[in-house]
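Residue-level structure breakdown
Spelled out from the first residue to the last, the chains are:
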Amino acid sequence: MDRLLVLTNNENSSAVIRFLQEDGNQVYVWNERLCREDVENIMPSFLVSYNYNYMITQDIIEYMEGRVINMHISLLPWNRGFSPNIWSFIDDTPKGVTIHKVDASLDTGDILFQKELSFSCEKETFATTYKKLNDAVQELFMDHWSQIRNGKVKPYRQQGTGSYHCKKDLEQLQRCIKFTWDDNIQEFLERYEEGKS
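Model, not experiment: these values are computed from the prediction.

A look at the pattern of salt bridges
Inspection of every chain in the model, using the stated rule, returns seven salt bridges. Here Asp-23 ties to Arg-149 by a salt bridge, and the two come within 3.2 Å at their closest N and O atoms. Taken as a pair, Asp-23 in the loop between helix H1 (14-22) and strand S2 (26-30) and Arg-149 in helix H5 (residues 126-149) lie far apart in primary sequence, 126 residues in all. Residue Asp-23 is classed as partly exposed on the basis of its relative accessible area of 39%. Here Glu-40 and Arg-36 are joined by a salt bridge, their closest N and O atoms 2.8 Å apart. With a gap of four residues between them, Glu-40 and Arg-36 both fall in helix H2 (residues 36-42), about one helical turn apart. One salt-bridge network, held together by shared partners, links Asp-2, Asp-23 and Arg-149.

Put into structure tokens, the structure is as follows:
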């Protein structure tokens, strides 16, 4: 039985937690800022981060000897950081999900698995695309967990510059253009372009 530490601040990660528990693992769910002492007390064989609001520090990464992974709802290196879903439409960048190793920077670690997705802006909202991305990244994790756990994956470096957005970028966007997560994406993009001119 593995002892696993899942870092999350969102109930959307419940499918992964349930999967790991049903697989016979001892799962600790953590939603506060993590320090090395916490990790040393739990002694997990792996850290799994998804929708976690805090940076994982270098001393924890070193202590875990690389056994720290993150699930991210973008096709890295595109849309690192905050609210990747909405920025993939605004910036017209590739869309998808990524499982990657965690390093000292945000969403820059070597990639383990990726899956590209496509959406119809005319038919989708930000909420519906978020749900599909969330489902896809958890499915990708569950399909490949045994390979990740057993070290049977060869990570590869992210290619290209990609893009990054922080929380302040979204706050600025919300001040400029009123929108909700249930807005039709095509209609939002038209309003966005009008607001730029």
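Focus on the layout of surface pockets
Roughly 970 Å³ of internal volume is contained in the largest pocket. Forming the walls of the largest pocket are 36 residues, and the residues nearest its centre are Asn-51, Tyr-52, Asn-53, Gly-81 and Phe-82. Put simply, the parts of the chain that give the lining of the largest pocket at least two residues each are strand S3 (46-50), strand S4 (68-72), helix H4 (84-90), H5 and strand S8 (164-165). When grouped by side-chain class, the residues that make up the lining of the largest pocket number 18 nonpolar, 15 polar and three charged.

Conventions we followed
Residues numbered from 1 in each chain as written. Predicted model: local features only at pLDDT ≥ 70, side-chain atom pairs only at ≥ 80, totals over all residues. Heavy atoms only, no water. Salt bridge = Lys/Arg side-chain N within 4 Å of Asp/Glu carboxyl O. Helix = DSSP H or I, 4+ residues; strand = E, 2+ residues; numbered from the N terminus. Buried < 20%, exposed > 50% of the residue type's maximum accessible area, 1.4 Å probe, protein only. 1 Å grid on protein atoms, 1.4 Å probe; cavity = no way out; pocket = protein on both sides within 12 Å on 5 of 7 lines; lining within 4 Å. Points joined across faces, edges and corners; volume = space filled by probe spheres on them. Nonpolar A, V, L, I, M, F, W, Y, C, P; charged D, E, K, R; others polar.

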